[in-house]
Amino acid sequence: MGDADDSYDFTNLMPFVTELRKGADMVMGNRFKGGIAPGAMPKLHRYLGNPVLSFVGRVFFRSDIGDFHCGLRGFNRESVLALGLQATGMEFASEMVVRATLAKQDIREVPTTLAKDGRSRPPHLHTWRDGWRHLRFLLLFAPRWLFFVPGLALLVAGLAIGGAVLPGSFHMAR
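Residues numbered from 1 in each chain as written. Predicted model: local features only at pLDDT ≥ 70, side-chain atom pairs only at ≥ 80, totals over all residues. Heavy atoms only, no water.

**Student:** Where do I start with the environment of Leu139 in this structure?
**Tutor:** Looking at the element boundaries, Leu139 is found in helix α6 (residues 127-140). Between the C-alpha atoms of Leu139 and Gly57, which are 82 residues apart in sequence, the distance is 9.2 Å. The contact partners of Leu139, leaving out residues within four places of it in the chain, are Phe60 and Leu146. (Helix = DSSP H or I, 4+ residues; strand = E, 2+ residues; numbered from the N terminus. Contact = heavy atoms within 4.5 Å.)

**Student:** Looking at this structure, I do not really get the packing of helix α5 (residues 92-102) against α6. What am I missing?
**Tutor:** In a pair of packed helices, the angle between the axes and the distance between the axes together describe the arrangement. Look at α5 against α6: their axes get within 9 Å of each other, and the N-to-C directions meet at 25°. As summarised for this structure, α5 and α6 are arranged roughly parallel, according to the angle between their axes. Between α5 and α6 lies a crossing whose hand is right-handed. Contacts between α5 and α6 involve Ala93, Ser94, Glu95 and Val98 from the first element and His134, Phe137 and Leu138 from the second. Residues belonging to the contact of α5 with α6 are distributed by class as follows: 4 nonpolar, 2 polar and 1 charged. (Axes fitted to C-alpha atoms, helices over the stretch in contact; angles between N-to-C directions. Parallel < 35°, antiparallel > 145°, perpendicular 65-115°, else oblique. Left-handed = near helix turned anticlockwise from the far one by under 90°. Nonpolar A, V, L, I, M, F, W, Y, C, P; charged D, E, K, R; others polar.)

**Student:** What's the story with the side chain of His134 in this structure? I'm lost.
**Tutor:** With respect to the helices and strands, His134 occurs in helix α6. If we ignore the near neighbours within four places in the chain, the residues touching His134 are Leu53, His69, Met90, Glu91, Ala93 and Ser94.

**Student:** Explanation requested: the sheet that holds strand β4 (residues 107-114) in the structure shown.
**Tutor:** The strands making up a sheet associate through hydrogen bonds between their backbones, and the pairing can be parallel or antiparallel. Here 4 strands make up an open sheet; going across it, the order is β2-β4-β1-β3 and the pairing mixed. Strands with a single pairing partner mark the edges of an open sheet, and in this sheet they are β2 (35-36) and β3 (73-75). For strand β1 (residues 26-30) and β4, the ladder comprises 5 bridges, and the chain directions are parallel. Bridge pairing in β4 links Met28 to Glu109. Most of the contacts of α5 go to β3, to which it runs at about 40°, and overall it touches β1, β3 and β4. (Pairing = 2+ DSSP bridges.)

**Student:** What's the story with α6 in this structure? I'm lost.
**Tutor:** Turn by turn, an α-helix covers 3.6 residues, leaving residues three or four places apart pointing in a common direction. Over its 14 residues, α6 extends 20 Å from the first C-alpha to the last, a length consistent with the 20 Å expected when each residue adds 1.5 Å. All of the buried residues in α6 are Asp130, His134, Phe137, Leu138 and Leu139. (Expected span 1.5 Å × (residues − 1). Buried < 20%, exposed > 50% of the residue type's maximum accessible area, 1.4 Å probe, protein only.)

**Student:** Can you help me understand the pairing of β1 in this one?
**Tutor:** Each regular strand shows side chains that alternate between the opposite faces of the sheet. For β1, a buried count of 5 out of 5 residues is recorded, marking the element as mostly surrounded by other parts of the structure. Neither face of β1 is left uncovered, since the one carrying Met26, Met28 and Asn30 and the one carrying Val27 and Gly29 both have all their residues buried. With 3 bridges joining them, β1 and β3 adopt antiparallel strand pairing. Paired with Met28 across the two strands is Arg73, which belongs to β3.

**Student:** What is the right way to read the nonpolar core from this model?
**Tutor:** The nonpolar side chains of a soluble globular protein tend to be buried with one another. If you look at the biggest cluster of nonpolar residues, it comprises 19 residues, and the most contacted ones within it are Met26, Phe60 and Leu138. Setting aside residues no more than four positions away along its own chain, Phe60 makes contact with Leu138, Leu139, Ala142, Arg144 and Trp145. (Core = buried A, V, L, I, M, F, W, Y, C linked by side-chain atoms within 4.5 Å.)

**Student:** Can you help me understand the environment of Pro15 in this one?
**Tutor:** Relative to the elements of secondary structure, Pro15 occurs in helix α1 (residues 14-21). Of the residues examined, Pro15 reaches a relative accessible area of 31% and is grouped as partly exposed. Between the alpha carbons of Pro15 and Ala4 there is a distance of 19 Å; along the sequence they are 11 residues apart.

Have a look at this one:
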């Protein structure tokens, strides 16, 4: 599966096929290991968006995938159908990796290169809206990080603040 905008070299798919033949359920391209041509990815996406969202995905789901949003992937048909993927937007990329990770599927990465796309029109990616959709998806699939960790932090902060305020509040008048 790959973005059809001329940004990926479909003649260089043997590393994907090799890993699938070795038993991988899914093979992800990693543009950061393979190379990104000048002008192929906006600086905001290259240095902030993708690295941050991929880091969040690695932390939340204990995944080893370094490039959650690479548009070049290979997968075993039965394995990917078993995931029950539902997303209809840009977060589909994250859903595929998250669900495969949660299902303990064998996911591997291979270096791939990203070239400047060959479209005659601007990309349809909306940086902030699509970034939020990815982050929201990651949070909703990680309730421990969405509810438990912030709740625990607020509880500890409340106890610390309350402990500093309350001792003086219990003095009885004589």
